[in-house]
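Single-letter residue listing:
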Amino acid sequence: MIRTKVMGLGSYVPDRIVKNEEIPFLDEKHVRQATKQTETDDEWIQRRTGIKERRYVPQDGTTATSDLALEAAKRAIADAGLQPTDIDCIILGTLSPDIHFPGTAVFVQKKLGIADKTNCACFDIRQQCSSFVYGMQMADAFVRTGMYKRILLIGAELHSHSLDYSTRGRDVMVLFGDGAGAMVLGPMETDDAKAGIMYTSAHADGNGAMDLYLKIFEIAKAPYVGYDANNRDENQIKYPQMDGKRVFLNAVRGMVMSTQAALAKTGLSWDDITWFVPHQANLRINEKVVEVAKIPPEKVLNTIDLFGNTTAATVPLTIDYWRQQGKVKKGDRILSSVFGSGFTWGAAIFQV
Ligand code: COA
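Predicted, not measured: the structure shown is a model, and the values here were computed from it. (Residues numbered from 1 in each chain as written. Predicted model: local features only at pLDDT ≥ 70, side-chain atom pairs only at ≥ 80, totals over all residues. Heavy atoms only, no water.)

A. Main features of the overall build of the chain. Per the secondary structure count, the chain includes 11 helices and 13 strands. At 20 Å, the chain has a C-alpha radius of gyration in line with the 20 Å of a compact globule built from 352 residues. Pairs at least 24 apart in sequence give 76% of the contacts found in the chain among residues at least 6 apart. Per element, the accessible surface of the chain, about 15200 Å² overall, is 52% carbon and sulfur. Put simply, the chain has 41 plus and 42 minus side-chain charges, and the middle of one group is 3 Å from the middle of the other. (Helix = DSSP H or I, 4+ residues; strand = E, 2+ residues; numbered from the N terminus. Rg over C-alpha atoms; globule rule 2.2 N^0.38 Å. Contact = heavy atoms within 4.5 Å. Areas by Shrake-Rupley, 256 points an atom, 1.4 Å probe, with all protein chains shown as cover. Lys, Arg positive; Asp, Glu negative; His and termini not counted. Charge placed at Lys NZ, Arg CZ, Asp CG, Glu CD.)

Below you can see the structure in the form of structure tokens.
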């Protein structure tokens with residue numbers, strides 16, 4: 001039987017570390033000012049979110065989401081022992097694309113130097129914090145049907161240029177960071193039903209669509225895009241909007257449900273799972289999920305304190321970080337559950 005295996009893993013975060021202490025002093029270009037720009041502080045951020053620091057790209061206009069994706073992709077391809085030309089499909093999850101269209105996967109393809117060499121398929125997917133599990137489900141189906149054999153699955157986000165660095169935007173702004181993670185997925189012949197990617201599930205509830213969103217434009221309107229920096233209502237569409245409490249409650253519910261369903265549908269128990277890697281949105285969300293779903297705390301891997309919420313990138317970034325620390329090892333079985341804007345949620349069980 002053909003099953004899908006994780007052939008390689010890689011991640012990338014920019015060098016600049018932005019600690020909570022620096023956050024109140026950042027202006028709209030995330031340049032540190034002498035005076036406070038936002039009413040917030042380290043104590044509030046740590047207590048409510050568990051975040052201590054995050055990474056930001058330089059603000060000199062040289063780095064796009066595809067550049068973060070590229071670095072993670074190169075590392076995952078090298079980890080798989082492959083060349084970029086071996087990739088026959090790219091699936092990229094992001095809510096911060098380089099431009100509105102075309103999708104960011106084609107920019108990654110070009111930057112990998114394989115655009116005219118392979119003309120490989122390029123998909124952008126838009127499931128925000130749930131993108132990596134959604135993408136894994138797609139990749140698994142493609143590999144098992146024989147459609148593609150070397151799929152590059154990437155989650156990449158550049159949040160720091162689209163946050164509202166003011167007291168108005170503080171509830172969202174403090175949460176997010178920049179980063180990317182990637183996997184190469186391919187086929188293996190095996191009779192072991194637990195090998196490789198064992199299970200994926202993906203769900204959505206569009207009733208929550210406007211509880212966490214970023215408009216930028218409204219295509220229903222003509223002109224469809226406008227900007228007046230002096231008009232508070234007008235420029236608000238350029239920044240993410242969130243009903244934090246509704247997101248929090250739905251995230252706990254979605255991640256608990258998908259985690260419990262993953263175990264029930266596969267017949268596995270926590271004895272069969274090496275690590276639980278939840279989406280990294282808020283440490284309090286993850287602690288609640290662990291408590292309600294009765295997950296052994298010693299099996300939980302988080303990186304929210306170091307990287308904040310990197311949306312589509314959190315799952316591979318967290319796995320790769322803990323692999324570099326020597327915790328995650330080849331063959332470990334991971335249960336990952338995710339939740340994001342949409343609302344979307346899902347879970348996956350796979351070996352790395
Ligand atoms: N610094 C200081 N104060 C802040 C703040 C910040 N960064 N952000 C909000 N506040 C204030 C609020 O204005 C409010 O003030 P008020 O009581 O005077 O009105 C107070 O803190 C409490 O706000 P509240 O929204 O009740 O806090 P909370 O405990 O719900 O925590 C979040 C806020 C955003 C941390 C929390 O709702 C959350 O994490 N939600 C989920 C967000 C998420 O994970 N999004 C991504 C999903 S993929």
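B. Region of interest: the pairing of strand β13 (residues 344-351). With 7 of 8 residues buried, β13 lies mostly within the body of the structure. Where strand β8 (residues 197-204) meets β13, 7 bridges bridge the pair, whose relative direction is antiparallel. Bridge pairing in β13 places Y199 opposite I349. Pairing between strand β12 (residues 333-340) and β13: 8 bridges, direction antiparallel. By the bridge assignment, R333 is partnered in β13 with Q351. In sequence, β12 turns back onto β13 through a hairpin of 3 residues, with G342 there showing a positive phi of about 145°. (Buried < 20%, exposed > 50% of the residue type's maximum accessible area, 1.4 Å probe, protein only. Pairing = 2+ DSSP bridges.)

C. Quick look at helix α8 (residues 244-266). Here α8 contains 23 residues, and its C-alpha end-to-end distance of 33 Å stays within 8% of the 33 Å for a straight helix at 1.5 Å per residue. G267 lies just past α8 and shows a positive phi near 75°. (Expected span 1.5 Å × (residues − 1).)

D. Seen up close, the nonpolar core. Core analysis: the biggest nonpolar cluster contains 29 residues, and I91, M136, I151, M183, I319 and F350 have the highest contact counts within it. Counting residues per element, this core draws most heavily on helix α5 (residues 131-144), at 7 residues. Inspection of this core shows a minimum of three residues originating in each of domain 1 (2-189) and domain 2 (197-351). Aside from chain neighbours lying at most four places away, what touches I319 is L9, M183, V277, V328, I334, F350 and V352. In terms of nonpolar packing, the next biggest core, distinct from the first, is built from 28 residues, V247, F276, I285 and I295 among them. (Core = buried A, V, L, I, M, F, W, Y, C linked by side-chain atoms within 4.5 Å. Domains from an automatic or database assignment.)

E. Quick look at helix α3 (residues 104-111). Those residues of α3 that fall on the buried side of the exposure criterion are T104, A105, V108 and Q109. Buried residues in α3, looked at end-on, bunch into an arc of 150°, giving them a common side. Where α3 is buried, its residues meet α2 (65-79), β4 (89-93), α4 (115-118), β5 (121-125) and β6 (151-157). Just downstream of α3, G113 is the residue with a positive phi angle, here 80°. (Arc of directions from axis to C-beta.)

F. Molecular detail of the site of the ligand. In the vicinity of the ligand, 22 residues are found, and the nearest of them are T40, R48, G244, K245 and N282. Within the side chain of R170, an N or O atom sits 3.0 Å from an oxygen atom of the ligand. Separating a nitrogen atom of the ligand from a backbone N or O atom of G244 is a distance of 3.0 Å. Breaking the shell around the ligand down by element, the ones donating at least two residues are α1 (42-49), α6 (170-173), α8 and α9 (283-292). Top contributing element to the shell around the ligand by residue count: α8, with 4 residues. Its residues placed into classes, the shell around the ligand shows 10 nonpolar, 6 polar and 6 charged. Shared between two domains, the shell around the ligand takes at least three residues from each, and those domains are domain 1 (2-189) and domain 2 (197-351). (Near = heavy atom within 4 Å. Polar contact = N/O pair within 3.5 Å; in protein donor to acceptor, adjacent residues only side chain to side chain. Nonpolar A, V, L, I, M, F, W, Y, C, P; charged D, E, K, R; others polar.)

G. Local environment of the sheet that holds strand β7 (residues 179-189). Spatially, 5 strands are ordered β1-β7-β6-β4-β5 in an open sheet, and the strand pairing comes out mixed. With one partner strand each, in any of the chains shown, β1 (2-12) and β5 form the two edges of the open sheet. If you compare each strand with its neighbour and ignore which way they point, the axes differ by 20° on average. Pairing analysis gives 5 bridges linking β4 to β5, with the strands arranged parallel. Among the inter-strand pairings, I91 is bridged to a residue of β5, identified as F123. (Axes fitted to C-alpha atoms, helices over the stretch in contact; angles between N-to-C directions.)

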